Amino acid sequence: GQSLEQPSEVTAVEGAIVQINCTYQTSGFYGLSWYQQHDGGAPTFLSYNGLDGLEETGRFSSFLSRSDSYGYLLLQELQMKDSASYFCAVRGNYGQNFVFGPGTRLSVLP
Amino acid sequence: DVKVTQSSRYLVKRTGEKVFLECVQDMDHENMFWYRQDPGLGLRLIYFSYDVKMKEKGDIPEGYSVSREKKERFSLILESASTNQTSMYLCASSSPAGRGSEAFFGQGTRLTVV
């Protein structure tokens, strides 16, 4: 089967750095993605790692280690608008589908 | 602007009714997905389709069926709605792996079964 684990909640203050970890089990791994979802909104794509290493997109970075079945999302210079739920997702089943983790709710405090 | 459109934002249906949730995408994507989202459980895959008239069961297909008669449209059907199907339903589409890494989501349909 396919499954992902991530922390349920993280709290940090404005300007800080936070890391959200994700471990996964899947067959036919085809990459790890991260999505952001604000309350009442749809999930929106943040980043994708198909190979090991770090991908950087502005204040957000994502890391993947395929040998450890592990990845993380790093958010720097946190802003209040970053308060949202963050989901890791694997493209599994040889690329046919996306399986999502349970989500991490990030609260950014002033 | 790329778009995935779900036919209703909110729906209220009675137990036992047959319910249709419609999803249309304008990106010519081969892959389409239906998820339900419940607090603490994340997004759970109900069904997906990688081509017209093709469908595959996801993790929680019981009580649901799907239809994909045209490439741009993917319908989720609740044959006989039950209260435990009250949830947020999200449709998504994507290119096949190797041609795209992102899933694009619709705004969701909040279904209440009474």
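In case you missed it, the structure is sitting above this.
The rules behind each value
One numbering rule holds for all chains: residues counted from 1, following each sequence as written. Chains and ligands are labelled sequentially in the order written, the chains with letters from A and the ligands with numbers from 1. The model is predicted, so local features are restricted to residues of pLDDT at least 70 and side-chain atom pairs to those at 80 or more, both for listing and for counting; the totals for chains, interfaces and linings are taken over all residues. Working from all heavy atoms in the structure, the side-chain values ignore hydrogens and water. Between buried and exposed lies partly exposed: a residue is buried under 20% and exposed over 50% of the maximum accessible area for its type, with that area taken using a 1.4 Å probe on protein chains only. Helix numbers and strand numbers start at the N terminus; a helix is a DSSP run of H or I with at least 4 residues, a strand a run of E with at least 2. In this analysis, two residues are considered to be in contact whenever any of their non-hydrogen atoms come within 4.5 Å of each other. Defined here as a combined quantity, buried area equals the accessible surface (1.4 Å probe) lost by two parts on assembly, summed across both. By salt bridge we mean one thing: a side-chain nitrogen of Lys or Arg within 4 Å of a carboxyl oxygen of Asp or Glu. In protein, a polar contact means a hydrogen-donor-capable atom and an acceptor-capable atom, both N or O and within 3.5 Å, with residues adjacent in sequence counting only if both atoms are side-chain atoms; elsewhere, any N or O pair within 3.5 Å suffices. Only Asp, Glu, Lys and Arg are considered charged in this grouping, and only Ala, Val, Leu, Ile, Met, Phe, Trp, Tyr, Cys and Pro are considered nonpolar; every other residue, Gly among them, is considered polar. The disulfide criterion used throughout: a pair of cysteine sulfur atoms within 2.5 Å.

(A) Structural view of unusual backbone geometry. Residue and element names in this part refer to chain A. Phi at S69 is positive, roughly 50°, even though this residue is not glycine. According to the relative accessible area criterion, S69 is partly exposed, its value standing at 25%. Positive phi is not limited to glycine here, since E77 has a value of about 45°. In this structure, E77 sits in the loop between β8 (70–75) and β9 (84–92).

(B) A look at the interface of chain B and chain A. The partner chain A presents 19 residues to the 25 residues of chain B that form the contact. Carbon and sulfur atoms supply 57% of the area buried between chain B and chain A, which totals about 1700 Å² over both sides. Of all residues in chain B, the largest losses of buried area upon contact with chain A belong to L43, A97 and S101 of chain B, amounting jointly to 28% of the total for that side. Here chain B is connected to chain A by zero salt bridges. Summed over the shared surface of chain B and chain A, the result is six residue pairs in polar contact (both at pLDDT 80 or more). Taken together, the elements giving at least two residues each to the side of chain B that touches chain A come down to β4 (31–38), β5 (42–49) and β9 (87–94) of chain B. Here the residues of the side of chain B that touches chain A are counted per class, giving twelve nonpolar, eleven polar and two charged.

(C) Representation of the side chain of D82 of chain A within the structure. All names here are of chain A. With respect to the element layout, D82 can be found in the loop between β8 and β9. Among the residues examined, D82 registers a relative accessible area of 2% and is labelled buried. Separated by 2.8 Å, the side chain of D82 and the backbone nitrogen of Q79 make a polar contact. Not counting residues up to four positions away in its chain, the partners in contact with D82 are Q36, R59, F60, E77, L106 and V108.

(D) Spatial organisation of the environment of E22 of chain B. Residues and elements named next belong to chain B. Mapped onto the secondary structure, E22 falls in strand β3 (residues 19–25). For E22, a relative accessible area of 23% gives the class partly exposed. When neighbours within four sequence positions are excluded, E22 is seen to be in contact with T5, Q6, S7, W34, R73, F74 and S75. Within the structure, the side chain of E22 is placed 2.5 Å from the side chain of S75, a separation counted as a polar contact.

(E) Spotlight on the state of the cysteines. Residue and element names in this part refer to chain B. In total, this model carries two disulfides over all chains according to the counting rule given. The partner cysteine of C23 in its disulfide is C91, sulfur to sulfur 1.9 Å. Between C23 and C91, the S-S dihedral sits near -75°, and the bridge is therefore left-handed. Highlighted residues: C23 in strand β3 and C91 in strand β9, separated in sequence by 68 residues.

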